[in-house]
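Chain by chain, the residues run as shown.
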Amino acid sequence: RWGFFPSIGLAWNIANEKFWEPLKDKIESLKIRGSYGLVGNDQIGNENDRFFYLSNVNLSDEGYGYTFGELYSYHRPGVSISRYANEKIGWETSKQANIAVDISGMGFNLTAEYFTQYRSNILMDRSYIPNTMGLTAAVKANVGEVSNHGMDLSLEYNKAFTNSMWIQSRFNFTYAHNKLKVSDEPSYPSNEYYRTKVGLPYNTTYGLIAERLFVDDADVANSPNQTFGKYGAGDIKYRDMNGDGQITEADAVPIGLPTEPEINYGFGASLGWKDFDFSFFFQGLGRRSFQINPSNLSPFVINGGNQNGLLEIIADDHWSEDNRNIYAFWPRLSPVQVANNNQTSTWWLRNGAFLRLKNIELGYNIPIQILSKWNMSNLRLYFNASNLFVWSKFKMWDPEMGGNGIGYPVQRVFNIGLTIGI
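Calculation notes
Residues numbered from 1 in each chain as written. Predicted model: local features only at pLDDT ≥ 70, side-chain atom pairs only at ≥ 80, totals over all residues. Heavy atoms only, no water. Helix = DSSP H or I, 4+ residues; strand = E, 2+ residues; numbered from the N terminus. Rg over C-alpha atoms; globule rule 2.2 N^0.38 Å. Buried < 20%, exposed > 50% of the residue type's maximum accessible area, 1.4 Å probe, protein only. Patch = residues over 30% accessible without salt bridge, like charges linked within 9 Å, V, L, I, M, F, W, Y side chains within 5 Å. Areas by Shrake-Rupley, 256 points an atom, 1.4 Å probe, with all protein chains shown as cover. Salt bridge = Lys/Arg side-chain N within 4 Å of Asp/Glu carboxyl O. Pairing = 2+ DSSP bridges. Axes fitted to C-alpha atoms, helices over the stretch in contact; angles between N-to-C directions. Core = buried A, V, L, I, M, F, W, Y, C linked by side-chain atoms within 4.5 Å. Phe/Tyr/Trp six-rings, centres within 6.5 Å; stacked < 30°, edge-to-face > 60°. Lys NZ or Arg CZ within 6 Å of the ring centre and 35° of its normal. Contact = heavy atoms within 4.5 Å.

Colleague: In this structure, what is going on with the overall build of the protein? I would like to understand it.
Modeller: Scanning the protein for helices and strands turns up four helices and 23 strands. Since a compact globule built from 422 residues should have a radius of gyration of about 22 Å, the 30 Å found for the protein marks it as more spread out than a globular shape. With the principal axes as the frame, the protein shows a C-alpha extent of 95 × 65 × 55 Å. Split into buried and exposed, the 422 residues of the protein put 34% on the buried side.

Here is the structure:
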């Protein structure tokens with residue numbers, strides 16, 4: 001209900017010292033700064049779990065009620081508990097430190113910063129509470145710890161030339177990598193060492209390793225049993241990681257890169273010459289993976305009240321009796337969802353990195369000599385466009401949409417305009 005989170009910061013502008021005066025015309029400012037502090041977060045859990053020191057008891061829960069009497073005509077509601085009181089739950093705490101340098105001179109402005117963060121007391125569900133305790137709600141505790149480090153870099157260049165030219169350019173780059181240090185999880189046996197989340201990014205995806213598609217029914221019979229519903233020839237074959245002779249959730253391993261990008265960057269510029277101006281900006285993401293959602297792509301299947309359509313890539317590249325391609329993009333076709341093929345796995349894993357031309361604009365300002373004759377202060381013609389191009393290894397749809405390939409697409413927009421000032 002309360003917390004104390006102090007911090008301290010220190011900065012030194014070296015360019016203000018006397019010994020820097022000979023370089024002042026080149027480097028106008030050179031500041032080194034650093035800080036260290038604690039940050040508290042009380043927004044843990046969901047919106048209904050703000051007061052963990054209080055229990056949440058429903059004294060009139062019909063779902064837990066009782067009906068009795070000679071004719072079973074008498075009913076009384078029961079009692080349910082959705083949260084147990086826990087006075088030991090407290091703030092999530094983050095220890096943060098950073099060191100940075102700011103440099104400006106000769107039209108350049110550079111900021112480079114390295115940061116570290118160590119979050120502790122992260123709220124998590126306790127694992128493997130025995131059923132014999134008779135609890136009806138999950139037990140939570142401040143047990144998680146995550147370390148994070150990275151860097152921020154920004155660079156600007158502004159210059160006006162003598163021949164009526166000018167330029168303003170900018171570049172930014174952010175890299176952030178986190179690692180789970182402490183997690184509430186059991187001690188896995190030696191043949192399931194891969195199941196631990198400690199040491200991996202917090203948002204790592206766990207999934208099955210897909211080896212290929214089953215060639216035929218004989219291939220199915222001679223492979224470990226897969227426990228995700230009915231399957232057969234043309235369906236996805238998974239790897240038995242723990243060697244127990246069957247494929248279950250225990251065979252899921254960390255796959256791909258984090259679902260949130262570890263690299264974000266962008267660069268662009270605005271240029272002008274006399275009455276013309278031109279600007280552009282690129283945006284990019286790196287070190288990111290996503291999963292294609294096969295249930296949303298399954299052709300001919302009723303999904304959300306509507307029947308899925310047939311994508312061209314599925315029509316051109318799927319397993320069939322006539323084309324037993326064990327590495328086809330799509331497994332065998334089916335009029336219903338095939339749970340075995342819809343599992344999170346390397347089969348649907350894709351690289352989510354991309355670089356996008358976010359926007360571009362070309363403008364022309366009518367000279368003031370002409371405008372003065374029309375009693376106008378300014379008149380500008382312009383053309384701009386957004387989301388023109390994207391470069392990515394993933395070609396099926398816009399990679400920014402992630403696994404939702406049949407969702408509303410990223411719009412490509414073109415504008416032609418006229419700005420008038422009187």
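Colleague: What am I meant to see in unusual backbone geometry here?
Modeller: A negative phi angle is the norm for most residues apart from glycine, just as the trans form is the norm for most peptide bonds. A positive phi angle, close to 60°, is found at N121, a residue other than glycine. Classification of N121 as partly exposed rests on a relative accessible area of 32%. Phi at R287 takes a positive value of approximately 50°, unusual for a residue other than glycine. Here R287 shows up in the loop between β16 (276-286) and β17 (289-291). For R287, a relative accessible area of 37% puts it in the partly exposed group.

Colleague: What exactly am I supposed to notice about a nonpolar patch on the surface here?
Modeller: On the surface, a cluster of nonpolar side chains totalling about 350 Å² of accessible area is made up of I32, I99, Y114 and M151. Checked against the element boundaries, I99 lands in strand β5 (residues 92-105). Note on I99: relative accessible area 52%, which makes it exposed.

Colleague: Explanation requested: the sheet that holds β5 in the structure shown.
Modeller: Taken in spatial order, the eleven strands make up an open sheet running β1-β2-β5-β6-β7-β8-β15-β16-β21-β22-β23, and their pairing is antiparallel. The open sheet has two edge strands, β1 (7-13) and β23 (413-421), and neither has a second partner. Across this sheet, the average inter-strand angle for adjacent strands is 10°, counted without regard to direction. Judged from the 13 bridges that link them, strand β2 (residues 29-41) and β5 form a sheet pairing that is antiparallel.

Colleague: Hey, could you run me through the nonpolar core in this one?
Modeller: Generally speaking, nonpolar side chains in soluble globular proteins are found buried as a group. Formed by 22 residues in total, the largest nonpolar core has its most connected members in I236, Y238, I292 and W348. At the level of secondary structure, the elements contributing two or more residues to this core comprise β10 (210-213) and β12 (236-238).

Colleague: What is the right way to look at the environment of N121 in this model?
Modeller: Examined against the element boundaries, N121 turns out to sit in strand β6 (residues 108-125). Note: C-alpha distance between N121 and E145 (24 residues apart in sequence) is 6.5 Å.

Colleague: Hey, could you run me through the pattern of salt bridges in this one?
Modeller: Pairing is possible between side chains that carry opposite charge, provided their charged atoms lie close to one another. Applying the stated criterion across every chain yields a total of 15 salt bridges. We note a salt bridge from D219 to R212, for which the minimum N-O separation is 2.6 Å. As a salt-bridge pair, D277 and R380 come within 2.7 Å of each other at their nearest N and O atoms. Residue D277 is found in strand β16, and its partner R380 is found in strand β22 (residues 378-391); the two are separated by 103 residues along the sequence.

Colleague: What should I look at first to understand the packing of aromatic side chains in this one?
Modeller: We describe a pair of aromatic rings using the distance from one ring centre to the other and the angle between the two ring planes. Applying the stated criterion to the full structure yields 19 aromatic pairs. Ring centres of F282 and W391 lie 6.2 Å apart, and the angle between their planes is 35°; this geometry places the pair in the tilted category. Here W391 lies in strand β22 and F282 lies in strand β16, a separation of 109 residues in the sequence. By relative accessible area, F282 is classed as buried at 16%. On the basis of relative accessible area, W391 is assigned to the partly exposed category, the value being 47%. Connected via pairs of aromatic rings, a cluster forms that spans F267, F278, F280, F282, F389 and W391. Directly above the aromatic system of Y206 lies the positively charged group of K197, at a separation of 5.9 Å from the ring centroid.

Colleague: I would appreciate a short explanation of the environment of V338 in the present structure.
Modeller: When you line up the elements, V338 lands in the loop between α3 (312-316) and β20 (349-351). Between the alpha carbons of V338 and W166 there is a distance of 60 Å; along the sequence they are 172 residues apart. Excluding anything up to four places from it in sequence, V338 contacts K230, D235 and R332.

Colleague: Is there a simple way to explain the pairing of β6 in this structure?
Modeller: Consecutive side chains of a regular strand alternate in pointing toward one face of the sheet and then the other. The pairing of β5 with β6 spans 13 bridges and is classified as antiparallel. Bridge pairing links I99 to Y114 in β6. The loop that links β5 with its antiparallel partner β6 comprises two residues; one of these, M106, has a positive phi angle of about 55°.

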